[in-house]
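Here is how the chains run, residue by residue.
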2 protein chains.
Amino acid sequence: MLGRMGDKWTIMTIAMLVQRPTRFNELKRMIGGISQQMLTRTLRSLEGDGLVLRKVHPSVPPQVEYSLTPLGQSLAQPLLALGTWVMDNMGAIQSHREQIGTPPVDENLAQGVRHRPRQRG
Amino acid sequence: MLGRMGDKWTIMTIAMLVQRPTRFNELKRMIGGISQQMLTRTLRSLEGDGLVLRKVHPSVPPQVEYSLTPLGQSLAQPLLALGTWVMDNMGAIQSHREQIGTPPVDENLAQGVRHRPRQRG
DNA sequence: CCGTATCCACCATGATACTG
DNA sequence: CAGTATCATGGTGGATACGG
């Protein structure tokens, strides 16, 4: 949970589910760009934490509907508040990055292996 | 930024800085468990996003003080609300995990390499 | 349709040593 | 004290194939 807390897929998933219960593939389409595997992992994680309820409708094509539990709904509020802040301030942040000439990704912090290591003593 | 948004170190760092401007090593002690490298990266990232201000006091032992910018302070509110939610509900989540017998980590989802892959075709 | 199993590439993080 | 440089490693997420 804590690991996935700030994960964008988790935020997106909860943002979708807070609107209404949704089926797997619809969720996948709505979120967009998430792999099936990742959506499954995210949902299983949320389910394991008791934030999401998984309901299987016994129909000929399998239908599985996901919804937020009360606990999940209580999380949605602060989580989406954070998401809203990010959306609102993303422009300001990017403007700042451009001013200081820093790329929006942490490439400058990436490791650069340039020569052989020396022996550690 | 978005990458570090939900990062626990980022949350911890902002939680410390929202109280008062703090120096590097004091920050490191207060947060606890963070490596020097990671704290530096977190602060640089926040600084690059315009959320944290870095101020060098020209003194004999180098003194660098970090503080939140107004933008950073505006982030602190929703971010700490989220942190508070986690603290408040961590118990409920762990209880749920124990009930369903799932370990708190995603070990069950970890990759298991058991045999050679077959040729991809 | 709704998943699980498997493999892999990448990068985030920790540890350590070094600098000023 | 505050930070940078360097390397090893483990976890995260993608892709794909398969199963019910």
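Our subject is the structure that appears above.
Keep in mind the model is a prediction, meaning the values are calculated, not measured.

J.: Honestly, the relation of the copies chain A and chain B in this entry has me stumped. Any pointers?
T.: Put simply, the second copy of the chain is the first one after a rotation about an axis and a shift along it. Mapping chain A onto chain B leaves a residual RMSD of 0.1 Å; the transformation is a rotation of 180° accompanied by 0.0 Å of translation along its axis. Put plainly, the chains are arranged around a two-fold axis. When C-alpha positions in chain A are compared against the rotation axis, the closest is assigned to glycine 6 of chain A, at 1.7 Å. When the interface residues of chain A are mapped onto chain B, 100% of them again lie at the interface, so the same face is used by both copies.

J.: How do you make sense of the environment of methionine 30 of chain A when you look at a structure like this?
T.: Residue and element names in this part refer to chain A. Locating methionine 30 in the fold gives a position in helix H3 (residues 24–31). A relative accessible area of 29% means that methionine 30 is categorised as partly exposed. Once the C-alpha coordinates of methionine 30 and threonine 40 are considered, the two residues, 10 residues apart in sequence, prove to be 14 Å apart. Methionine 30 has contacts with Met16, Arg20 and Thr22, leaving out every residue within four places of it along the chain.

J.: Mind showing me how you'd approach the environment of leucine 46 of chain B here?
T.: Residues and elements named next belong to chain B. Tracing the backbone shows leucine 46 in helix H4 (residues 36–48). In this structure, the C-alpha to C-alpha distance between leucine 46 and threonine 10, residues 36 residues apart in sequence, is 8.1 Å. Dropping the residues within four chain positions of it, leucine 46 is found in contact with Thr10, Thr13, Ile14, Leu51 and Val52.

J.: It is not clear to me how the pairing of strand E3 (residues 63–68) of chain A should be interpreted in this structure. Could you clarify?
T.: Successive residues of a regular strand alternate their side chains across the two faces of the sheet. Residues and elements named next belong to chain A. Inspection of the sheet shows strand E1 (residues 22–23) paired to E3 by two bridges, in the antiparallel sense. Its bridge partner being in E3, threonine 22 is matched across the sheet by tyrosine 66. Across six bridges, the pairing between strand E2 (residues 52–57) and E3 is antiparallel. Bridge pairing links valine 52 to leucine 68 in E3. Linking E2 to E3, which pair antiparallel, is a turn of five residues.

J.: So what exactly am I meant to see when it comes to helix H2 (residues 8–17) of chain B here?
T.: Working note: α-helix, 3.6 residues per turn, so residues spaced by three or four point in the same direction. Counting buried positions along H2 of chain B yields eight of 10 residues, so the element is predominantly enclosed. Every buried residue of H2 of chain B is listed here: Trp9, Thr10, Ile11, Thr13, Ile14, Ala15, Met16 and Leu17 of chain B.

J.: Sorry, what's going on with the interface of chain A and chain B here?
T.: Where interface size is given, it is often the accessible area lost as the parts come together that is meant. Across the contact, 30 residues belong to chain A and 30 residues belong to chain B. Taken together, the two surfaces of chain A and chain B that pack against each other cover about 2600 Å², and 68% of this comes from carbon and sulfur. Measuring nitrogen to oxygen at the nearest pair gives 2.5 Å for the salt bridge that ties arginine 97 of chain A to aspartate 49 of chain B. Put simply, chain A and chain B have eight residue pairs in polar contact (both at pLDDT 80 or more) between them. Going through the elements one at a time, helix H1 (2–5), helix H4 (36–48) and helix H5 (70–100) of chain A are the ones with two or more residues in the side of chain A that touches chain B. Looking at the side of chain A that touches chain B, the element that brings in the most residues is H5 of chain A, giving 16 residues.

Thresholds applied
- Residues numbered from 1 in each chain as written.
- Chains lettered and ligands numbered in written order.
- Predicted model: local features only at pLDDT ≥ 70, side-chain atom pairs only at ≥ 80, totals over all residues.
- Heavy atoms only, no water.
- Least-squares fit on C-alpha atoms with pLDDT ≥ 70 in both.
- Contact = heavy atoms within 4.5 Å.
- Helix = DSSP H or I, 4+ residues; strand = E, 2+ residues; numbered from the N terminus.
- Buried < 20%, exposed > 50% of the residue type's maximum accessible area, 1.4 Å probe, protein only.
- Pairing = 2+ DSSP bridges.
- Buried area = accessible area lost by both parts, 1.4 Å probe.
- Salt bridge = Lys/Arg side-chain N within 4 Å of Asp/Glu carboxyl O.
- Polar contact = N/O pair within 3.5 Å; in protein donor to acceptor, adjacent residues only side chain to side chain.

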